[in-house]
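# An overview of the molecular structure
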Amino acid sequence: MTYLISAPSQETRLETQTVFYPTLRQLVRLLPMDRKRVVEYVREEAKHNPFLINTPDSSAQSGGREALLEDVLPDWYHPPAQELSLQEHLYGQISALSLPQKRSDALIYLTQWLSPSGYLEGSAESWAAGTVWSPRELEAALPALQSLDPPGIGARSLRECLLLQLKDQPQTLAFLLVQSYLEALENCSGSSLESKRNRELLLQKLHQNPQYSDANIETLTAAISLIQELEPRPARNFGHTNVPIVTPDLKAERQSGGDWQVSPIYEVNQRFCLNGEAIELLAKSNKRSRDTQRLELLLQKAQNLLAALNQWQENILKVGQFLVERQQAFLNSRNKLDLVPTPQQLVAQTVGLSNATVSRIVRGRYLLICDRQNQTIPLASLCVAVRVGGRTPQQVQQLLVQLIQEESPTNPYTDEQLAQLLGIRFGLPIARRTVTKYRQLLSLESSHRRETASGIKK
């Protein structure tokens, strides 16, 4: 995005790269975080940056600041490394992959379903619920997740975890044991007589496979030892950040005129500011040039972070305002049928942000509806994709229920007839297989079963 009329000089281009790009990088890091994580992140940065202060505690910054430069040099500039979380470890690898943006975002989203042990929990249907991805798309992204480090990450069972670690050795005895005899291995380790007997019984089973007819106790013991060296909990050595279940960043309140208006629950960007005393001391410092340059870089880092924090707050509010204004009917009724189709692409075009930015904002973020119920809903639930005939899936399913309720019990509509009726009566060009899918999602029986059930009732 360029606003320069004349060609910029080399110095101008270099300055743009060093000032703007770090701010953008910080913004990308902040966007997926809710307000609590953002506050924790910036507070942690403030601990190691004398130019960044927490405004509620600004009174504690006064007094004794004359020793600031002596305090921060030289030890402060090299703080001990923080424990790397599993998610941060995976994000770095995902960003290095040459993947389409949607596939990359899907991979990042799947990491939220990883347990502290590194196993992928839930089903494809639960992963996809309330997201822009279908179960099939998320399942297609799973092999890429399982190819990342640490080996075994993203497995859905112990067997799959061990097999992922042995994927480069598919013809080995260890791979066969994990694949077909994992349960039997539990009683084969150790030096007791019972363990030795169990190994002999397992060896007899292996001899039934021509490929391993020459296996002996030594090779079996070596294979078991190799399996025991594998990691059953791939994420053991990483910190783990649980995805917050409900941490609303925005709230919607009904105004006196009846309309709903959105506002931040907490002005995070007002929580932190630059330390004026530290900046003044830096300007007066007679320290060596190298030390001064170090502090100037830290000042620039604080400025970039605060700029990103302001942009983070502004972008979230901008998206929230648009969605609340568009979904006024739903906020009044809380009926999903009143949701107006609002794909993320429409949000991005309207508020002037990229699709990727809008996706990061709505994913995992919540809206508190302030009324008697005080209901908290995912912000993504207001981004309803357009399906058939400009209607939401819930609206199409409701029309489907309406047709079935009106049908003759002795001559119920087939899925093909239902598709035709949806087109004739409601102008919905819908395929029979789509009708079948929606009917099954509604737990409605086929026409044959409905007819049979009607006969039984009689």
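Our structure's up above, just so we're on the same page.
Quick caveat, the model's predicted, so the values are computed rather than measured.

### Some words on the packing of helix 18 (residues 393-406) against helix 20 (residues 432-441)
- As a packed pair, helix 18 and helix 20 sit with axes 10 Å apart at the nearest point and diverge in direction by 85 degrees. With respect to helix 20, the axis of helix 18 lies roughly perpendicular. Only Val435, Tyr438, Arg439 and Leu441 of helix 20 make contact with helix 18, whose side of the interface consists of Pro393, Val396, Gln397 and Leu400.
- Among the residues making up the contact of helix 18 with helix 20, the classes are represented as six nonpolar, one polar and one charged.

### Side note on the pattern of salt bridges
- A complete count under the given rule lists twelve salt bridges for this structure.
- With a closest N to O distance of 4.0 Å, Lys318 and Glu314 form a salt bridge. Taken together, the residues Lys318 and Glu314, both in helix 14 (residues 289-326) and four residues apart, mark about one turn of the helix.

### Regarding the pairing of strand 2 (residues 248-254)
- Where strand 2 meets strand 5 (residues 366-370), five bridges bridge the pair, whose relative direction is parallel. From the neighbouring strand, Lys251 faces strand 5, where its bridge partner is Leu368.
- Direction of pairing for strand 2 relative to strand 3 (residues 260-264): antiparallel, over a ladder of five bridges. The partner of Arg254 across the bridge, within strand 3, is Trp260.
- Where strand 2 hands over to strand 3, the hairpin turn is made up of five residues, of which Gly258 adopts a positive phi near 100 degrees.

### Structural notes on the sheet that holds strand 3
- Strand order in the open sheet made by the four strands is 3-2-5-6, with mixed pairing throughout. Either end of the sheet is taken by a strand with one partner, and the two such strands are strand 3 and strand 6 (375-378). Neighbour-to-neighbour, the strand axes of this sheet turn through a mean angle of 30 degrees, independent of strand direction.
- As defined by bridge partners, strand 5 adjoins strand 6 across four bridges and the pair is classed as antiparallel. Across the sheet, the residue bridging to Ile369 is Gln375, located in strand 6.

What counts as what
Residues numbered from 1 in each chain as written. Predicted model: local features only at pLDDT ≥ 70, side-chain atom pairs only at ≥ 80, totals over all residues. Heavy atoms only, no water. Axes fitted to C-alpha atoms, helices over the stretch in contact; angles between N-to-C directions. Helix = DSSP H or I, 4+ residues; strand = E, 2+ residues; numbered from the N terminus. Parallel < 35°, antiparallel > 145°, perpendicular 65-115°, else oblique. Contact = heavy atoms within 4.5 Å. Nonpolar A, V, L, I, M, F, W, Y, C, P; charged D, E, K, R; others polar. Salt bridge = Lys/Arg side-chain N within 4 Å of Asp/Glu carboxyl O. Pairing = 2+ DSSP bridges.

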